[in-house]
Amino acid sequence: MKESVYNVYLLDKKERKVLVYNVMHRSIVRTDDNVYNLMRNNKIDSIDDDVLKVLKNEGIVADDNVNELDLLKVKFNRVKYAATTKGITVIPTHACNLACKYCYQGHGNVLSSTMNEETIKRTTEFIKKNVRGCRKLDLNFYGGEPLLFPDIAFKIMEELKQFADKNDIQFSVSFTTNGTLLTEEIVEKLKDYKYRVQITLCGPKEIHDTVRVDKKGNGTYEKLMGVIELLKKHGAAFHLRVDVDQGNYDTIKSLLEDLKKRGFEGLYIGFCPISEDICYTELERDVKKVDVVALTRLCKIADDMGFKTNPFYIHNFIEKCSALSDSFLAIDPKGDVYKCIAASNYTEHKFGTLNESGDLIDINYEAYCNWTLRDPLLIEECVECKFAPLCGGGCALAAHRKYGSINTPGCEEKDLGEILRTFIMLKYPALFEQGTYDTIVL
């Protein structure tokens, strides 16, 4: 028997207790320092049989002939090529009503196209053809600002819902939106669908209103507070994304306090690092990137204040990239098809365009295969990294921007131990009533 290479150990040296978390199997076992020492000193056969059985069942230890890299590859491929769900992102427009100082797209000034009637038709037909035989269709609207032209979204949604109902396909919709254009009328119309909305904040009012502004430079904070009230009133499914860099990091607690004061505790909040990795143009804001450990601390602060969060889902760092799934596609306003929702400014990643029948033509098989076949276990740094089951090689587009190839690591952080500790602390708080587990051993 041998210990898994994907174990992370959290030690409470004072209490002589150990939590073992296996990154590949997402399993956790609490034990003592005697078992820990036997495992670390390659004396697993000396562990009590009953304890050893538990460790083996949870993937903490494995038979000597088990190749864990092969098992991980099977897990990756099982997700990558699952054919039951199709995830499609539609970008109705690259135009936007805001002029955020850190927008990677240049707030609609680099790309600004909007779908015309013909492209709407092509997009809808393409999606219908590609979801036949699937059990579920997850449709996301992205931008630009997708609600700048709500009629486009609702036209696509209405036709696809009818198609899905007729073909016994589960249909859900999500909007990645700045939130400022959500109205009572739109929220009422969305009630006909299973939907979720993401809206974005960037700190408390005094910070947010200097960076997330409209075209005239007006702040949007109070507008979004009204939108949150609207969504809560209608029982809508939504969550908040909070963009963070070193410039606003110390103000995020103030934002959380304001949200709580307004009665918004209990909302799910995701923290996203502001980055220059995939920018279409130079940012107006002087961005200094915040590290993942700092973001993890925000998750703990948010949890303590009554919000829901999950440090595993820190954007662009961990939990892999949906664009690498064979069942995921993105369609831009021109009817060009990509694997990545952020790749429209990089035409070398386009792998086709839609014709009048909704068929994919002018196919770039090299681009398609590069994205679909991207395998973190063929990237040297990932093979040697115990966090590969979480990271999956990081952001592929960021990797291409940095190194000229998506088959390179798109991550910067190599030690995600503190994220795991915070995740375990939030998911299993009772464990930390009995110990601090503040020493992380990889």
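Above this note sits the structure.
This one's a predicted model, so the numbers in the text were calculated from it and none came from an experiment.

Peer 1: It is not clear to me how unusual backbone geometry should be interpreted in this structure. Could you clarify?
Peer 2: Among all residues save glycine, negative phi is the norm, and among peptide bonds the norm is trans. In this model, G143 is joined to G144 through a cis peptide bond whose omega is 10 degrees. Tracing the backbone shows G144 in the loop between β7 (136-141) and α5 (150-166). With a phi angle near 60 degrees, N42 is a residue other than glycine that sits in the positive phi range. Along the chain, N42 falls in the loop between α1 (33-40) and α2 (49-57). Of note, the phi angle at D362 is positive, near 50 degrees, even though the residue is not glycine. As for its position among the elements, D362 is in the loop between β15 (360-361) and α11 (365-372).

Peer 1: What exactly am I supposed to notice about the sheet that holds strand β13 (residues 336-338) here?
Peer 2: Picture the strands of a sheet paired through backbone hydrogen bonds; they go either parallel or antiparallel. Reading across the sheet, the ten strands line up as β11-β10-β9-β8-β7-β6-β12-β13-β14-β15 and stay open at both edges, with mixed pairing between neighbours. Of all strands in the sheet, those with a lone pairing partner are β11 (269-273) and β15, marking the two edges. Two elements, β7 and strand β8 (residues 170-176), share six bridges in a ladder whose sense is parallel. Bridge assignment links K136 to a residue of β8, and that residue is Q170.

Peer 1: Sorry, what's going on with the pairing of strand β4 (residues 27-32) here?
Peer 2: Both faces of the sheet carry side chains from a regular strand, because those side chains alternate between them. Only one face of β4 is buried: it carries S27, V29 and T31, and the other face, with I28, R30 and D32, is open. For strand β3 (residues 17-22) and β4, the ladder comprises six bridges, and the chain directions are antiparallel. Across the sheet, the residue bridging to V20 is V29, located in β4. Adjacent in sequence and paired antiparallel, β3 and β4 are bridged by four residues, among which R26 carries a positive phi angle near 55 degrees.

Conventions we followed
Residues numbered from 1 in each chain as written. Predicted model: local features only at pLDDT ≥ 70, side-chain atom pairs only at ≥ 80, totals over all residues. Heavy atoms only, no water. Helix = DSSP H or I, 4+ residues; strand = E, 2+ residues; numbered from the N terminus. Pairing = 2+ DSSP bridges. Buried < 20%, exposed > 50% of the residue type's maximum accessible area, 1.4 Å probe, protein only.

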